[in-house]
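Notes for the structure review
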Amino acid sequence: MTIRQEDVLAWIKTYAGIIAENKEYLTQLDAAIGDADHGANMNRGFQAVVGKMPEMADKDIGTILKTVGMTLLSTVGGAGGPLYGTLFLQAGMKSVGKMELTLEDWATMLDAAVSGVVMRGKAELGDKTMVDALTPAVQALKQACEAGLDIPTALKNSATAAQEGMQKTIPLVARKGRASYLGERSAGHQDPGSTSSYFLIKTAADTWGKA
Ligand code: ADP
Ligand code: MG
């Protein structure tokens, strides 16, 4: 079993829908510790991505993901846009010319994607950012590869790890991004970026784990 090109397209399209559905929720989370625009930012970016889907239809996975990344970079402002743009661009660099992915390919791509986010945003685990959801997801995927788990189980484990990482941001004091301006007052709120990142990993598990 592999993750095919059409599965990658389905993941992106489904994620755009999840972001649209959760736009208000993400905005509420950002209202508490930021500037109340994370839902709108992500939705603007992913609606633009949906508009590019016809031209992605017959492309390889690397081209698709690089197109998503470039679209996010050009349509989403703030901190989230460049970070999500980097995530998709880096994943695309590791999947050039591919029409399907093994679990190992996906683990390698997500690892590079998250490393790109860390390099760009300089956030460490525990800084109360999207990295807190993404890094555990990568770790869980790598462990699943080493243990020889099947794709659905591996993806489910990575989604659970992302969810736990997201929940762990609640008590943290933010050390990066706008939320860090609040200092101690940022504690007690879930980080919006870790939430949209959890949705990304969860959507991959839901879309690719069915086959
Ligand atoms: P902005 O903060 O510019 O309003 P968004 O609201 O779209 O942008 O995104 C905020 C999210 O971006 C935060 O919840 C956090 O997860 C993430 N973020 C902010 N700064 C960084 C950083 N330096 N590294 C990683 N993620 C970050
Ligand atoms: Mg914001």
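Residues numbered from 1 in each chain as written. Chains lettered and ligands numbered in written order. Predicted model: local features only at pLDDT ≥ 70, side-chain atom pairs only at ≥ 80, totals over all residues. Heavy atoms only, no water.

**Some words on the side chain of Ser186**
Along the chain, the position of Ser186 falls in the loop between helix H8 (151–168) and helix H9 (192–208). Polar side-chain contacts of Ser186 include one of 2.7 Å to the backbone oxygen of Gly183. Leaving out residues up to four positions away in the same chain, Ser186 has contacts with Ile33, Lys128, Ile170, Leu172, Val173, Ala174 and Ala179. (Helix = DSSP H or I, 4+ residues; strand = E, 2+ residues; numbered from the N terminus. Polar contact = N/O pair within 3.5 Å; in protein donor to acceptor, adjacent residues only side chain to side chain. Contact = heavy atoms within 4.5 Å.)

**What to know about the packing of aromatic side chains**
By the definition in use, this model includes eight aromatic pairs. On the basis of an interplanar angle of 85° and a centroid distance of 4.9 Å, the ring pair of Trp106 and Trp208 is categorised as edge-to-face. In this pair, Trp106 sits in helix H6 (residues 103–121) while Trp208 sits in helix H9, placing the two residues 102 residues apart along the sequence. Trp208 shares its class with Trp106; the two are buried. Each residue in the set Trp11, Tyr15, Phe46, Phe88, Trp106 and Trp208 is aromatic and connected to the rest through ring pairs, giving one cluster. (Phe/Tyr/Trp six-rings, centres within 6.5 Å; stacked < 30°, edge-to-face > 60°. Buried < 20%, exposed > 50% of the residue type's maximum accessible area, 1.4 Å probe, protein only.)

**Some thoughts on the environment of Asp105**
Structurally, Asp105 is set in helix H6. A relative accessible area of 19% places Asp105 in the buried class. Those residues within four positions of Asp105 in sequence are excluded, and the remaining contacts are Lys98 and Glu100. A distance of 2.9 Å separates a polar side-chain atom of Asp105 from the backbone nitrogen of Thr102.

**Some details on the layout of surface pockets**
Size it by volume and the largest pocket reaches roughly 540 Å³. Forming the walls of the largest pocket are 31 residues, and the residues nearest its centre are Ala79, Gly80, Leu83, Gly177 and Arg178. At the level of elements, helix H2 (23–33), helix H3 (38–56), helix H5 (80–93), H6 and H9 are the ones that each hand at least two residues to the lining of the largest pocket. The leading source of residues in the lining of the largest pocket is H5, at four residues. Looking at the lining of the largest pocket residue by residue, the class counts come to 12 nonpolar, 11 polar and eight charged. (1 Å grid on protein atoms, 1.4 Å probe; cavity = no way out; pocket = protein on both sides within 12 Å on 5 of 7 lines; lining within 4 Å. Points joined across faces, edges and corners; volume = space filled by probe spheres on them. Nonpolar A, V, L, I, M, F, W, Y, C, P; charged D, E, K, R; others polar.)

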